[in-house]
Amino acid sequence: MPSSLGRVTTDAAPRYAKQFASHFGRKIPVEETPDGGHRLAFQETEVVLQPADDHLLIRVTSPDGTTLTAIQDVVSSHLERFGRRNELTVTWEA
């Protein structure tokens, strides 16, 4: 299964992870992870948000490349909109 790793540099990673999980939690299954992160289930795609002191790490695992790209776009657009004032940017690597 294809996966990618995204990173957002921010000192408010727990807040953005919680906001993202809360926003999507009304539509899809979301669970909190033991390390204070969140796991979201977008049908066959899993998104894991892991906040750290100075960044938010995002792992997306999907059944195919097309779906992976689509979910990356959803994650990026929402996080960047939530963090518009702080000029958040998501950087992805395969």
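Our subject is the structure that appears above.
Residue numbers restart at each chain and count upward from 1, following the sequence in its written direction. Where totals are concerned, whole chains, interfaces and linings use all residues; where local detail is concerned, this predicted model gives features only for residues with pLDDT of at least 70, and gives and counts side-chain atom pairs only at 80 or more. Side-chain measures were taken over the full set of non-hydrogen atoms in the model, leaving aside hydrogen atoms and water.

### Description of the pattern of salt bridges
The criterion, for reference: Only one rule defines a salt bridge in this text: a Lys or Arg side-chain nitrogen within 4 Å of an Asp or Glu carboxyl oxygen. Classification of residues uses two cut-offs on accessible area relative to the type maximum, computed with a 1.4 Å probe and protein chains only: under 20% is buried, over 50% is exposed, and between them is partly exposed.
One pass over the full model with this rule turns up 2 salt bridges. Across the pair R39 and E31 runs a salt bridge, and its minimum N-O distance is 2.9 Å. A salt bridge links R39 to E46; its shortest N-O distance comes to 3.3 Å. Here E46 falls in the partly exposed class, since its relative accessible area comes to 33%. Bridged by salt links that share partners, the residues E31, R39 and E46 form one connected network.

### Let's talk about the side chain of S62
Here is the rule: Counting from the N terminus, the helices are the DSSP runs of H or I reaching at least four residues and the strands are the DSSP runs of E reaching at least two. Think of a polar contact as two N or O atoms within 3.5 Å of one another; within protein, one of them needs to be a possible hydrogen donor and the other a possible acceptor, and neighboring residues in sequence only count if both atoms come from side chains. Pairs of residues are marked as contacts when any of their non-hydrogen atoms sit within 4.5 Å.
The residue S62 is located in the loop between β5 (55-61) and α2 (65-82) in this model. Classification of S62 by relative accessible area gives buried; the value is 0%. Within polar-contact distance, the side chain of S62 engages the side chain of T45 at 3.0 Å. Once residues within four sequence positions are removed from consideration, S62 is found in contact with M1, P2, E44, T45, T67 and L68.

### Here's the deal with the sheet that holds strand β6 (residues 91-93)
The following threshold applies: Any two strands with at least two DSSP bridges between them are considered paired. Axis angles are defined between N-to-C directions and span 0 to 180 degrees, where every axis is a line fitted to C-alpha atoms and, for a helix, only to the segment in contact.
Strand order in the open sheet formed by 6 strands is β2-β3-β4-β5-β1-β6, with antiparallel pairing between adjacent strands. Among the strands making up the open sheet, the edge pair consists of β2 (30-32) and β6. Looking at each pair of strands side by side, their axes are set apart by 20° on average, direction ignored. Where helix α1 (residues 13-25) meets the sheet, its contacts fall on β2, β3 (38-42), β4 (45-51) and β5, and the angle it forms with β3 comes to roughly 30°.

### What about the pairing of β3?
Residues in a regular strand project their side chains so that they alternate between the two faces of the sheet. The alternating pattern of β3 places H38, L40 and F42 on a buried face and R39 and A41 on a face that is not buried. In terms of strand pairing, β2 meets β3 through 3 bridges, oriented antiparallel. Residue pairing in the sheet places V30 in a bridge with L40 of β3. Linking β2 to β3, which pair antiparallel, is a turn of 5 residues; within it G36 sits at a positive phi near 90°. In this sheet, β4 lies alongside β3 in antiparallel orientation, the contact comprising 5 bridges.

Coordinates in, geometry out; function isn't part of it.
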